[in-house]
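Overview (structure and organization)
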Amino acid sequence: MAGEENGETTKVVLPTGEEKNGRHVPHNFTNNEEPAINRKRSAKIKEIHTKQSYEGVHREKQTNRNGVVRSSGVVPNSKMRAEKRQCVFPLSRGGLVVQTEIGLVQFGMPPETIKDTMELGLGIPAYYVVPTERFSRRIGPSQGVNLAEFEFPAYCNFFFKQGKKIVLLVNDADVKDRIRRVFQETLLGPKHWDPEVDFDPSYPKSRRPNLPKEMAHFGKIGDSKITVDMLLSFQIFNSEQEIVVASDVNPKVNVRIIRTVDKYFVFDSSNREIAVVPSEVRIPMPKPLSRTPMVFQPPAFGVTILGSSHGFDPKGSTSGYVLWLNRRGLMVDPPPNSTYLLQQNSIPPSLIDGVIVTHCHADHDAGTFQKILQEGRVTLMTTSTIMGCFLRKYSALSGLSQEFLRGVFKFRPVRIGESIKCRGGILKFFYTLHSIPCVGFEAYFGGKSIVFSADHMNDPVKIRQLCQEGVLSPGRRDELLNFPWHHDVILHEAGVPPIHTPMDTLVSLSDEIKKRVFVVHVALETIPPDSGLQPAIPGVENTIILKDAEVPPHSDALEILELVGSIELFS
């Protein structure tokens, strides 16, 4: 991994395996794998192939450009000919799906691949093979990509399919435990919270949120508490590296998967080979822009939209932003491959050396993990509580220790109620109302201002109800009801209920406020055409610029002093 700092290349060396008890343990199936196990698997596969030949199933092996081997040929049995053909579908964001008797089985889970299967008209798979390497180590645009993003497949199946679980097929019990720990952070939030660490002493205690109460409210369906086991189930490859997955409708119908060093062999209920799938999850190169990149001059104060939709919209890019302060950029929840996108738009990555992490849902933090592994010593800004969630989540996912991850980036903690000086401007953060800890912020520069809601359930009726139920204190209720609509630019979300802002809240705003509102985290078609609301359009050519912002005097000197002050020796 390489990043640029002062014109020099810096490298971050990743461990080659997972960390257990403070030491590195190589991943399964290295070059030193025990030969006897390989011979046993080879014998099993040969036995199945021999049985197929005996039954008269003739196959021609066809390898497509993705390295997937498909089986085809003449099947003499008329009943077998009448069966629905089983196919392999490479996904545009990486990984692939095999259509089987029990349903879709997906191999590898890069971010947003549920959008790929929806675009293909396949629906959302319920079965997922978790790869041995759970994030990409390849040097290039895909470096650091999460290859086991199971959050949104789980949310889709559970919330949109009447409580259906996804089945994760994993190597061993350790991987199962890691995934459960990841989902604890993203579904339910942190188990422990220090109510003092995230707030400036001057911030009134009466206005502070009780995050455990708020998370407990969102962590219910009716009167039932949501648990990890309600959304996830697991099957583990046995000692022979084999799994048999039975249909939840007809137990006699199943899929058998045999795992070797570099391939998965997939068989149906009749032991017919469906596909041979590479164990390495391949991420296609991002598509180049269809137009000539423009020369981009960063504004003194403004916002570039990298994506403005949510994780369930197959047509839109997941939300992500660049906040420009004094012609330097802070990325806000960068989407995957955002560094490559910036380069394609002639924006040097050196202009952006900071990232704001609003919270730890996969559609907001996946690009952050990728960026810190690609770029080296970037600065991450968020509260200590959210940083703890981020470290626990990605340490469990990647197998890298929290200590190692902390050494890859610089953490600049923010506190609610504190005015944070940044590049001649001021940032003020606030806790939003969401299912897990999440921060929005106000940005001030040159006499102008921007507010970013982040993920926030801004529903006045519901907020008052939660206060009556004891979830919110009166001070917290008033703080939420008094959203700062006075800013020059308002980036406000309107995502999927019930943990996001209903569109009615924004539609009911005055026309004067609507002129300053840009709706984000929303599918474009859900914005009412006659509402007076304007969507935030992605692309550097659509950068929102506050042209009247006055660059403060001596802003260059202030930035130098700020950089000196950020050095531990002087801080």
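In what follows, the structure referred to is the one given above.
This write-up is about the structure you can find in this document. Because the structure is predicted, anything quoted here is derived from the model rather than measured.

Taken as a whole and assessed by the stated rule, the structure comprises 21 salt bridges. With its nearest N and O atoms 3.2 Å apart, the salt bridge here joins lysine 164 to aspartate 248. Here the residue lysine 164 occupies a position in the loop between α4 (151–160) and β11 (166–170), and aspartate 248 occupies one in the loop between β15 (242–246) and β16 (254–259), the gap between them amounting to 84 residues. Exposure remark for lysine 164: the relative accessible area of 27% places this residue in the partly exposed category.

What follows concerns the sheet that holds strand β10 (residues 127–129). What the six strands build is an open sheet, ordered β7-β8-β9-β10-β11-β14; its pairing is mixed. Two strands in the sheet have a free side with no partner beyond their single neighbour: β7 (88–90) and β14 (232–236). Going across the sheet, the axis of each strand differs from the next one's by a mean of 25°, ignoring polarity. Pairing geometry for β7 and strand β8 (residues 96–100), over three bridges, is antiparallel. From the neighbouring strand, valine 88 faces β8, where its bridge partner is valine 98. Against the sheet, α4 engages β10, β11 and β14, with an angle of about 150° to β11. Running at roughly 165° to β14, helix α5 (residues 173–188) makes contact with β11 and β14 of the sheet.

As a further point, take the pairing of strand β26 (residues 425–431). Looking along a regular strand, one sees the side chains alternate between the two faces of the sheet. Of all seven residues in β26, five are buried; the element is thus mostly enclosed. The pairing of strand β25 (residues 420–422) with β26 spans three bridges and is antiparallel. Among the inter-strand pairings, lysine 421 is bridged to a residue of β26, identified as isoleucine 426. Counting the residues between successive antiparallel strands, the hairpin from β25 to β26 contains two residues, one of them, arginine 423, with a positive phi of roughly 55°.

What follows concerns the packing of aromatic side chains. Considering all chains together, one arrives at 22 aromatic pairs under this definition. Consider the rings of phenylalanine 429 and phenylalanine 441, whose centres lie 5.8 Å apart with planes at 50°: the pair is tilted. Of this pair, phenylalanine 429 sits in strand β26 while phenylalanine 441 sits in strand β27 (residues 439–445); the two residues are twelve residues apart in sequence, bridging distant segments of the chain. The exposure class assigned to phenylalanine 429 is buried, which follows from its relative accessible area of 4%. Cluster of aromatic residues (ring-pair linked, three or more members): Phe150, Phe152, Tyr155, Phe158, Phe159, Phe160, Phe183 and Phe312.

Helix length check: helix α9 (residues 362–375) (14 residues) gives 20 Å between terminal C-alpha atoms against 20 Å at 1.5 Å per residue, within 8%. Buried residues dominate α9, accounting for 14 of its 14 residues.

What follows is about the sheet that holds β26. With mixed pairing, the seven strands of this open sheet are ordered in space as β25-β26-β27-β28-β29-β30-β31. The two strands at the open ends of the sheet, each matched to only one other strand, are β25 and β31 (534–535). Here strand β28 (residues 448–452) runs beside strand β29 (residues 489–493); their pairing, made up of three bridges, is parallel. Following the sheet pairing, isoleucine 450 is matched in β29 by valine 489.

Quick look at the packing of helix α12 (residues 460–468) against helix α13 (residues 474–481) now. Closest axis-to-axis distance for the α12/α13 pair is 9 Å, and the angle between their directions is 175°. With respect to their mutual orientation, α12 and α13 come out roughly antiparallel. On α13, the residues that touch Pro460, Ile463, Arg464 and Cys467 of α12 are Pro474, Arg477, Leu480 and Leu481.

Where helix α6 (residues 211–218) is concerned, the buried positions are Leu211, Glu214, Met215 and Phe218. Taken down its axis, α6 places every buried residue within 95° of arc, on the same side. Those residues of α6 hidden inside the fold are in contact with α5, β12 (220–221), β26 and α13.

Cut-offs used in this document
Residue positions within a chain follow its written sequence, with the count starting from 1. Selection of residues for local features in this predicted model requires a pLDDT of at least 70, selection of side-chain atom pairs for listing and counting requires 80 or more, and totals for whole chains, interfaces and linings are taken over all residues. For side-chain calculations, the full set of non-hydrogen atoms in the structure is used, while hydrogens and water are omitted. Within this document, salt bridges are pairs made up of a side-chain nitrogen of Lys or Arg and a carboxyl oxygen of Asp or Glu, the two lying within 4 Å of each other. By definition, any uninterrupted DSSP run of H or I lasting at least four residues is a helix, any uninterrupted run of E lasting at least two residues is a strand, and each is numbered from the N terminus. Here the term buried applies to any residue with accessible area under 20% of the maximum for its type, exposed to any over 50%, and partly exposed to those in between, with areas from a 1.4 Å probe on protein chains only. A pair of strands is considered paired only if DSSP assigns at least 2 bridges between the two. Each axis is a line fitted through C-alpha atoms, and for a helix only the stretch in contact is used; angles between axes span 0 to 180 degrees, taken between their N-to-C directions. Residues are treated as being in contact if the distance between any of their heavy atoms lies within 4.5 Å. Stacked, tilted and edge-to-face are the three classes applied to pairs of Phe, Tyr and Trp rings, where Trp contributes its six-membered ring and a pair requires centres within 6.5 Å; stacked means planes under 30 degrees apart, edge-to-face means over 60, and tilted covers the rest. Take the residue count of a helix, subtract one, and multiply by 1.5 Å to get its expected span. Roughly parallel here means an angle under 35 degrees, roughly antiparallel means over 145, roughly perpendicular means 65 to 115, and every remaining angle is called oblique. The arc under discussion is defined with respect to the helix axis, by the directions toward the C-beta atoms.

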